[in-house]
2 protein chains.
Amino acid sequence: MSNRILTVALGNDPADLILKNGRVVDVVTESIYDGDIAIVDGLIVGVGKYDLGKKVIDLKGAFVTPGFINAHLHVESSMATPEDYCVEELKWGVTTLVTDPHEIANVAGARGIRYMLEAGSSMPVNYYVQLPSCVPATPFENSGTVMHTKDMILCMDWPGVLGMGEMMNVPGVLNQDTEVMQKLQAFRREGRPIDGHAPCVSGKELTAYVGQGITTDHESISWNEAKEKLRNGVAVWVREGSASRNLQDIIAGAIKDNVSFRRMGFCTDDKHLADIRKEGTVRSMVLQAVKLGVPVCTALAMATFNPAQVYGLKHLGEIAPGKQADLVVWDDLENLKPLYVFHKGEDALAKMQEVQKRKIPSGLLNTVHLADFTQKDLCMAWDEKGEYPVMELLPGQIITGKSFVKGKDITKRLQDGSLAYISVLERHHATGNIGKGFISGYGIKNGAAATTVAHDSHNLLVVGTDAVSMETAVLRLQEIGGGYALASGEHILGTVALDVAGLMSSHGSKELTESLDKISKSAHEMGVPDGVDPFVSLSFMALPVIPKLKITDKGLFDVETFSFIN
Amino acid sequence: MSNRILTVALGNDPADLILKNGRVVDVVTESIYDGDIAIVDGLIVGVGKYDLGKKVIDLKGAFVTPGFINAHLHVESSMATPEDYCVEELKWGVTTLVTDPHEIANVAGARGIRYMLEAGSSMPVNYYVQLPSCVPATPFENSGTVMHTKDMILCMDWPGVLGMGEMMNVPGVLNQDTEVMQKLQAFRREGRPIDGHAPCVSGKELTAYVGQGITTDHESISWNEAKEKLRNGVAVWVREGSASRNLQDIIAGAIKDNVSFRRMGFCTDDKHLADIRKEGTVRSMVLQAVKLGVPVCTALAMATFNPAQVYGLKHLGEIAPGKQADLVVWDDLENLKPLYVFHKGEDALAKMQEVQKRKIPSGLLNTVHLADFTQKDLCMAWDEKGEYPVMELLPGQIITGKSFVKGKDITKRLQDGSLAYISVLERHHATGNIGKGFISGYGIKNGAAATTVAHDSHNLLVVGTDAVSMETAVLRLQEIGGGYALASGEHILGTVALDVAGLMSSHGSKELTESLDKISKSAHEMGVPDGVDPFVSLSFMALPVIPKLKITDKGLFDVETFSFIN
């Protein structure tokens, strides 16, 4: 058997590809040196003086780094399919994604995870999956599926599955919930990485939680929080998503404390396609970190080697003999504009154009299953003499306030836009469950907005001022298999088709972003205030772990007392 | 099942042990913070405020680090058994040893490796083995055993075996020697670490060698050499043994180049017991590195976390929840004197005293098997008219010079001590092989010195001025099962019993060091010059890979022409 990696290294055989005259970033010693990179069979042969190649590209002194790693993200949050999402990441030099398909798992379980994995893996990236650990996220809602330990074990050895996704059930860990412990054990036993999710968890509780096998956490919002997690042996992924932006605080603190960054990396968690298109993900974080004072090679190690080490991806994250040839060529390190992106030694930007998109399984295209309902079923019942709790939507926040409305004021307030009905229709198994309540702060007048993106169970959530508008919006989503809809009376004023599990669009990212822009504009015209994202804000109204008042298909839920109130 | 690591972390159950008021060195962030360390079932529960413990030790502000890791060493070089060796390492805070039992493997193969592993593992340390890859080291000598790929595979899953020991056959790799490639493949396939051995290998040859799966190297003698290896993706173990001292050059260079030390660690390779007793191993390297300008927490990471990461020992090398409670308490970081050493949460310095020494298998106590021989067989035959090649022993070096002696001068030179006979008797299988020649520079008069420590095949090597003395020394070693012997005529003037495989002493380190001192003194009195270690120098005369002239049981070997010359 020929050993080309050896014979090419010795200069006796031609490489498949030689990147001549690069400035090679060694993220291990954190230094830069000049060299030619020889590549064979998708592997880096070595860096040195190499001329004998089937193909030779002169880099003319451009910088070469390992492909970037986005250490934790939910593709579904982009509303693009894995293929469309990867295109945007690749354009900015990300060749490895550690994804947690938590959203689709809540809708479609293992079938959904499998689709994401296969679709992502068809692209010239390393598409890894951390198996969602909390499906459903809480017992206070009905999701499309329940994933027990045995269901997770069945997926564990699928190619591309690394370990377990964020364990959000911190109380479950601390109270030794049987199934939570079983899940942790199943992955610890095999030495698999387990992502944590411990926002603001601290002290003995953090220590106890981490001691059950937690490998990473991406929820820190301050340096003190991140530092405590690091000292507990947890890798900290610094997050810059579309909503949560934690880099400035964490990095500035770390710089001030003069610590080592060796167990820190970058992630987006949730970032919109338009934002990625504009600035990339990891790449923009590297630039920000450098601006804050992180040495550039250290920031590049955070973008590459550090997460590779933590996730046990020994073949990735560095430029050395035998490693996978995932390489990005950059104009310079001040701007980080990719000139070439290679995955397994091939031009990924060219190759991604040729990828035949994976056919979406029909089961994932038909996930809106509603029981029959009447207009009346959609609206909270009330009378003049009653008093009713109201979820207060707060601009730019996912927590809500809690207030009350008197029955005699309801009609007037529905008219002036200061109040609306909010309802959540179970949409997976046509149970007919509908949770109902009131919401303030959304501002819509004479109309309704509906979405099938409603964390974490992704039931159908609708907000509106009247039953007709609400029905119109709901029926549209039922018709198109999920997405966003905006209606006034019997008229549809806007639609975003998210036909894949009611979460992602099969119609391409161009149509997706255009329709998103359009519907957002229409919603604001209907009264949604400027500081409120018309649909993203709604998607968090059904998340019964974030105070104060939330709504699920089971009813209005008081997160402070952890109980339903109607 | 109770989950004490959780309940203790929460403060609800008592820890087995609490180390109160420590200054905890976090080798990941490279920072120090105050805390109490709680320990349960040999594991670190966490660092925080802990009082509830079955046993509590007040550290009064002393520093706590993870147990140190000696990243590459040959226990046999100390001439102590694994138990005795570990005692000296433990006293200075080393709790993990990555050993390569290459010497005993050359004598006794898998049986010898097994003994080392079991004996070492009986001590309160983590005793790991990298399986010797080159037994015998060369085809130019007869060793006790030959270890083929299949023999290595049989040992691969023994508890404590990590991967493959230093692959010294660089030409074998570059020329794709079938068995060398098989061995590399067998370990690469399983993702096992493979130690390298590439002194002065550089450029394309280094790249080609490393690309075959090499994980580490400990042979660098300069920063440039180390840097090139690091850039090739290889972990660099900085070596300070009794003979090879490379720290100053490598560390000073790394400091000057301002690189990251994250893939560098410390090792001794070969260090004598007396030297270890005086200054320790890793501990003295940390102190030296700090003196050269390495930040103390960085040096401590090199001593702990870095090698743990490289060898995939995720449970070691840091102080964090769930990690093994291998901890060293130091008076301060300027002196690094251990106050306590814990292994799996137990006082290792106390526990090591109680360890029942492993019974040495009888096969290892009887390894000197000589065919019958006469006095005449021991000496190179010569006549007055001939001219004969001479190995020139050079003070402080393991390379030799090459000269010639005229037959007519031999008698006179044997008398004045400027010349001696040197012979190597095959001692494993009583084949009767004897290689013979002359040596200069050893200085002995009217006597002979013999040793069964003769790298790498460890045949019986004897140097002397006359056949009687030589016979006396050889017969003594045969009688005691190996070691060192010094004779004059029929009188024995000194003995060091190395009865375990002819390499190590079963009589304890006290007797060993005393007898070593004594025999060394006697040898110098017999004429061995001050700059020459009487027995260590001889042990390298049979190593047919080090120029210029060497001798094996097969004869005198010219390393420059790679051929036997008599």
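Residues numbered from 1 in each chain as written. Chains lettered and ligands numbered in written order. Predicted model: local features only at pLDDT ≥ 70, side-chain atom pairs only at ≥ 80, totals over all residues. Heavy atoms only, no water.

Assigned secondary structure in chain A consists of 19 helices and 27 strands. Expected size for 566 residues packed as a compact globule is a radius of gyration near 24 Å; at 25 Å, chain A falls within 12% of this value. Seen through its principal axes, chain A has C-alpha atoms that stretch 90 × 50 × 45 Å. The buried share of chain A, taken over its 566 residues, is 63%. (Helix = DSSP H or I, 4+ residues; strand = E, 2+ residues; numbered from the N terminus. Rg over C-alpha atoms; globule rule 2.2 N^0.38 Å. Buried < 20%, exposed > 50% of the residue type's maximum accessible area, 1.4 Å probe, protein only.)

On to the packing of helix α8 (residues 223–231) of chain B against helix α9 (residues 247–257) of chain B, then. All names here are of chain B. Where α8 meets α9, the closest approach of the two axes is 8 Å, and the angle between their N-to-C directions is 65°. In terms of axis orientation, α8 runs roughly perpendicular to α9. Of the two elements, α8 crosses α9, and the hand of that crossing is right-handed. Here α8 contributes W223, A226 and K227 to the contact with α9, which in turn contributes D249, I250, G253, A254 and D257. Residues belonging to the contact of α8 with α9 are distributed by class as follows: four nonpolar, one polar and three charged. (Axes fitted to C-alpha atoms, helices over the stretch in contact; angles between N-to-C directions. Parallel < 35°, antiparallel > 145°, perpendicular 65-115°, else oblique. Left-handed = near helix turned anticlockwise from the far one by under 90°. Contact = heavy atoms within 4.5 Å. Nonpolar A, V, L, I, M, F, W, Y, C, P; charged D, E, K, R; others polar.)

Linking two cysteines covalently via their sulfur atoms produces the bond known as a disulfide. Residue and element names in this part refer to chain A. Taken as a whole, this structure holds zero disulfides over all chains when the rule is applied. For the unlinked cysteine C134, the closest cysteine sulfur is that of C155, found at 15 Å. Residue class for C134 comes out buried when judged on its relative accessible area of 7%. (Disulfide = S-S within 2.5 Å.)

Once chain A is rotated about the relating axis by 180° and shifted along it by 0.0 Å, it coincides with chain B to within an RMSD of 0.1 Å. On this basis, the relationship between the two copies can be described by a two-fold rotation axis. The fraction of interface residues of chain A whose copies in chain B are also interface residues reaches 100%, indicating that both copies meet through the same surface. (Least-squares fit on C-alpha atoms with pLDDT ≥ 70 in both.)

What follows deals with the sheet that holds strand β21 (residues 448–451) of chain A. Residue and element names in this part refer to chain A. Spatial ordering of the open sheet is given by β18-β17-β20-β19-β22-β21-β23-β24, a layout of eight strands whose pairing is mixed. Unpaired on one side and paired on the other, β18 (400–406) and β24 (491–497) mark the two borders of the sheet. For this sheet, the mean inter-axis angle between neighbouring strands, taken without regard to orientation, is 25°. Direction of pairing for strand β23 (residues 483–488) relative to β24: antiparallel, over a ladder of six bridges. Bridging across to β24, A487 finds its partner in I492. The strands touched by helix α17 (residues 467–480) within the sheet are β19 (420–425), β21, β22 (460–464), β23 and β24, with β23 carrying the most contacts at an inclination of about 150°. Sheet contacts for helix α18 (residues 509–525): β23 and β24; angle to β24, the most-contacted strand, approximately 145°. (Pairing = 2+ DSSP bridges.)

This paragraph deals with the pattern of salt bridges. Residue and element names in this part refer to chain A. Evaluation of the coordinates by the stated rule reveals 62 salt bridges over all chains. With a shortest N-O distance of 2.9 Å, K20 and D36 are connected by a salt bridge. Residue K20 is located in strand β1 (residues 17–26), and its partner D36 is located in strand β2 (residues 31–40); the two are separated by 16 residues in the primary sequence. On the accessibility criterion, D36 (3% relative accessible area) is buried. (Salt bridge = Lys/Arg side-chain N within 4 Å of Asp/Glu carboxyl O.)

The next subject is the confidence of the model for chain A. Considering every residue of chain A, the mean pLDDT works out to 96; 100% of them sit at 70 or more. Interface confidence for the predicted complex, expressed as ipTM, amounts to 0.94; the pTM equals 0.96. (pLDDT = per-residue confidence, 0-100.)

A few words on the packing of aromatic side chains. Residue and element names in this part refer to chain A. As enumerated under the stated definition, the model contains 22 aromatic pairs over all chains in all. Taking the centre distance of 4.2 Å and the plane angle of 10° together, the rings of Y484 and F535 count as stacked. Here F535 lies in the loop between α18 and α19 (536–539) and Y484 lies in strand β23, a separation of 51 residues in the sequence. Grouping residues by exposure puts Y484 and F535 together as buried. (Phe/Tyr/Trp six-rings, centres within 6.5 Å; stacked < 30°, edge-to-face > 60°.)

Think of a sheet as strands paired side by side through backbone hydrogen bonds, with each pair either parallel or antiparallel. Residues and elements named next belong to chain B. Reading across from one edge, β25-β26-β27 is the order of the three strands in this open sheet, with antiparallel pairing throughout. Strand pairing shows two members of the sheet lacking a second neighbour, β25 (549–552) and β27 (563–564), which therefore form its edges. Summarising the sheet, β25 and strand β26 (residues 555–558) pair through four bridges and their orientation is antiparallel. Note on β26: the bridge partner recorded for I551 is L556.

Moving on to the interface of chain A and chain B. Across the boundary between the two partners, chain A contributes 50 residues, which contact 50 residues of chain B. Among the residues of chain A in contact with chain B, K204(A), R231(A) and R262(A) are the three that bury the most area, contributing 20% of the side total. On inspection of chain A and its partner chain B, the count reaches two salt bridges. Our count for the contact surface shared by chain A and chain B stands at 14 residue pairs in polar contact (both at pLDDT 80 or more). At the level of secondary structure, the elements contributing two or more residues to the side of chain A that touches chain B comprise α1 (4–9), β2, β3 (43–48), α5 (170–174), α7 (203–210), α8 (223–231) and α13 (305–310) of chain A. A per-element tally of the side of chain A that touches chain B places α7(A) first, with five residues. Partitioning the side of chain A that touches chain B into residue classes produces 24 nonpolar, 16 polar and 10 charged. (Buried area = accessible area lost by both parts, 1.4 Å probe. Polar contact = N/O pair within 3.5 Å; in protein donor to acceptor, adjacent residues only side chain to side chain.)

To continue, consider the side chain of D84(B). All names here are of chain B. Here D84 lies in helix α2 (residues 82–91). Relative accessible area serves as the criterion here: at 9%, D84 is assigned to the buried category. In this structure the side chain of D84 is engaged in a polar contact, spanning 2.9 Å, whose partner is the side chain of K357. Each residue touching D84, except ones within four places of it in the same chain, is listed here: K357, S505, G508 and S509.

Residues and elements named next belong to chain A. Tracing the backbone shows P395 in the loop between β17 (387–393) and β18. Spatially, the C-alpha atom of P395 lies 8.3 Å from that of D533, the residues being 138 residues apart in sequence. Those residues in contact with P395 that sit more than four places away from it in its chain are G531 and V532.

Right, let's get into the pairing of β17(A). Among the seven residues in β17(A), five count as buried, and that is most of the element. The loop that links β17(A) with its antiparallel partner β18(A) comprises six residues; one of these, G396(A), has a positive phi angle of about 70°.

All names here are of chain B. Checked against the element boundaries, L97 lands in strand β7 (residues 94–99). Separated by 24 residues in sequence, L97 and L73 have C-alpha atoms that sit 7.5 Å apart. Excluding anything up to four places from it in sequence, L97 contacts N70, L73, Y85, C86, E89, V125, N126, Y127 and Y128.

Residues and elements named next belong to chain A. Where strand β25 (residues 549–552) folds back onto strand β26 (residues 555–558) in an antiparallel hairpin, the turn is made up of two residues. In the sheet, β26 pairs with strand β27 (residues 563–564) via two bridges, with the strands oriented antiparallel. Bridge pairing in β27 places F557 opposite F564. Turn length for the β26-β27 hairpin, with the two strands adjacent in sequence and antiparallel, is four residues, and the turn residue F562 shows positive phi of about 50°.

Bringing empty space enclosed by the protein into the picture now. According to the stated counting rule, one finds six cavities of 30 Å³ or more in the structure shown. Each pocket or cavity is described by its volume, and for the largest cavity that value is around 50 Å³. Lining of the largest cavity is provided by P66(A), G67(A), I69(A), T95(A), T96(A), H315(A), L316(A), G317(A), E318(A), Q324(A) and D326(A). The class makeup of the residues in the lining of the largest cavity is three nonpolar, six polar and two charged. When its volume is computed, the second largest cavity comes out at roughly 40 Å³. Along the walls of the second largest cavity sit P66(B), G67(B), I69(B), T95(B), T96(B), H315(B), L316(B), G317(B), E318(B), Q324(B) and D326(B), which together make up its complete lining. Considered class by class, the residues forming the lining of the second largest cavity number three nonpolar, six polar and two charged. (1 Å grid on protein atoms, 1.4 Å probe; cavity = no way out; pocket = protein on both sides within 12 Å on 5 of 7 lines; lining within 4 Å. Points joined across faces, edges and corners; volume = space filled by probe spheres on them.)

Okay, the environment of V310(A) next. All names here are of chain A. In this fold, V310 is placed in helix α13. V310 sits 46 residues away from M264 along the chain, and the two C-alpha atoms are 9.3 Å apart. When neighbours within four sequence positions are excluded, V310 is seen to be in contact with T215, T216, A235, W237 and R263.

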